[in-house]
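# An overview of the molecular structure
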Amino acid sequence: MPDVSVRAERIAPAAPAAAPGAFARALRWRYWPLLPAALLFLLVFVVPVGEVAIWSVRGEAGWGLSNVQQVVADGPFRTILGSTLRLSLTVGVACVAFGYPVAYFLTTRTPRQQRLLLLFITIPLWVSVLIRTYSWIVLLGREGLINSLVKAWGLSDTPLHLLYTRGAVYAAMIQVLLPIAILTMFSSMSSINRALLSAARILGATPGRAFLRVFLPLSASGAVSAGVLTFVLSLGFFITPALVGGPKDAMIANVIAQQISETLDWGLGSALGMTLLVVGLAVVAVTGVVMRRFTSLSSEGGTR
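Below is a summary of the structure that appears in this document. Just so it is clear, the structure is predicted and the values come from calculations on it, not from any experiment. (Residues numbered from 1 in each chain as written. Predicted model: local features only at pLDDT ≥ 70, side-chain atom pairs only at ≥ 80, totals over all residues. Heavy atoms only, no water.)

### Observations concerning the nonpolar core
Applied cut-off: Only buried residues count toward a nonpolar core, which is a set of Ala, Val, Leu, Ile, Met, Phe, Trp, Tyr and Cys residues joined through side-chain atoms within 4.5 Å. Relative accessibility under 20% of the residue-type maximum defines a buried residue, over 50% an exposed one, and the middle range a partly exposed one, all with a 1.4 Å probe and only protein chains included. Secondary structure elements are taken from DSSP: a helix is a run of H or I of four residues or more, a strand is a run of E of two residues or more, and numbering for both begins at the N terminus. We call two residues contacting when some pair of their heavy atoms lies within 4.5 Å.
Ranked by internal contacts, the top residues of the largest apolar core, which has 37 residues, are Val91, Met173, Met185 and Val244. Considering each element in turn, this core owes the most residues, twelve residues, to helix α9 (residues 166-190). In contact with Val244, not counting residues within four places along its chain, are Thr133, Trp136, Ile137, Leu163, Tyr164, Thr165, Ala168, Val169 and Ala172. Residues Leu81, Ile252, Ile256 and Leu272 belong to the second largest nonpolar core, which totals twelve residues.

### Regarding the environment of Ala271
Inspection of the secondary structure assignment puts Ala271 in helix α14 (residues 266-294). According to the relative accessible area criterion, Ala271 is buried, its value standing at 1%. Residues Ala271 and Val52, spaced 219 residues apart in sequence, show a C-alpha to C-alpha distance of 7.9 Å. If near-sequence neighbours (up to four positions away) are discounted, Ala271 is found in contact with Ser56, Asn67, Val68 and Val71.

### Some remarks on the packing of helix α5 (residues 76-107) against helix α13 (residues 252-261)
Which entries qualify depends on this criterion: In this analysis an axis means a line fitted to C-alpha atoms, helices contributing only their contacting stretch, and an angle means the value between N-to-C directions, from 0 to 180 degrees. Angles are sorted into four bins: roughly parallel if under 35 degrees, roughly antiparallel if over 145, roughly perpendicular if 65 to 115, and oblique for all others. Residues were grouped as follows: Ala, Val, Leu, Ile, Met, Phe, Trp, Tyr, Cys and Pro as nonpolar; Asp, Glu, Lys and Arg as charged; and all remaining residues, including Gly, as polar.
Relative orientation of the contacting elements α5 and α13 amounts to 140°, with a least axis distance of 9 Å. The orientation of α5 with respect to α13, classified from their angle, is oblique. Residue-level contacts link Phe77, Ile80, Leu81 and Thr84 of α5 to Ile252, Val255 and Gln259 of α13. Split by residue class, the contact of α5 with α13 holds five nonpolar, two polar and no charged.

### So, α5
Given 3.6 residues per helical turn, the α-helix brings residues three or four places apart onto the same face. How we decide: Expected helix span is computed as 1.5 Å times (number of residues minus one). The bend reported for a residue corresponds to the angle between axes fitted to the seven residues ending at that residue and the seven starting there.
The terminal C-alpha atoms of α5 lie 46 Å apart, and with 32 residues this matches the ideal 46 Å at 1.5 Å per residue to within 8%. At Gly99, α5 shows its maximal bend, which comes to roughly 35°, and the proline Pro101 appears one to four places after that position.

### Looking at the side chain of Thr275
Test applied: Whenever a nitrogen or oxygen atom comes within 3.5 Å of another N or O atom, the pair is scored as a polar contact, on the condition that within protein one atom can donate a hydrogen and the other can accept it, and that pairs from neighbouring residues in sequence are kept only if both atoms are in side chains.
As for its position among the elements, Thr275 is in helix α14. A distance of 2.7 Å separates a polar atom in the side chain of Thr275 from the backbone oxygen of Ala271. What Thr275 contacts, discounting residues up to four positions off in sequence, is Val71 and Leu81.

### Some words on the pattern of salt bridges
For the record, the criterion: A side-chain nitrogen of Lys or Arg and a carboxyl oxygen of Asp or Glu constitute a salt bridge if their distance falls within 4 Å.
For the structure shown, the criterion picks out one salt bridge. A salt bridge links Asp249 to Arg166, with the shortest nitrogen-to-oxygen separation between them at 2.8 Å. A residue pair is termed long-range when its members are at least 10 positions apart, and Asp249 in the loop between α12 (239-244) and α13 and Arg166 in helix α9 qualify at 83 residues. Classification of Asp249 as buried rests on a relative accessible area of 7%. You can call Arg166 partly exposed: its relative accessible area is 25%.

Here you go:
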């Protein structure tokens, strides 16, 4: 009687041997489209930031941390850095607070209405930040629109001091960054499965309770992302505080420009820039850890 195992081995085709270098060729074929972006990132970000980092620890006397110590020590630079962080945090929170209802309202509209409303929201982004900042000067100046209306209505005989204040900086920065926050939150909210709200209503939840217990947790990740994005963008604002803010409203970017262009202290300016970068990265990292631990990020069944 013939051996069945031998016949099976003769019938079954042998597995083809892996060609030498096939894995390496597959990797090259799969990831080579990322090469141009990686090279661009290396040339325009990694190399310049590395050079700035070297300048921050290299002085006339050689290598050292004197510039960094001057930034973090108790003094004017530390005060301005703290003021920048507080201002940026306030702007980020305000953008989320003002933009969340708008983003939620967009999700309740029809696709045609959404396209029209998104067009109106993005129109300010087509205009230069410099022009939009000058518009606030026209609006808040001593002879501006608001003071003209106040004088015409007889509310005050003297012009209101609205320009070159912290409030003017807040208003101008929020106006610049609010469309970005709305778009970020709208993108997150659009992926939420609206059937979950209907299910909550069927189970007896009121509209407000369904929103608080279902929609709000699912949209929290988008709100936090919008807050972090606007906070990081606020850290580097330069034109707006310089034009509508007062001497006490200077941000760290204004000080960096002063150190580089006026005092020609490239070491101190580089140390200020690296400190700002590290603070921004630390905020993003801490926010990511908190979000992973305490917030439901795209939980299963929560998105379309």
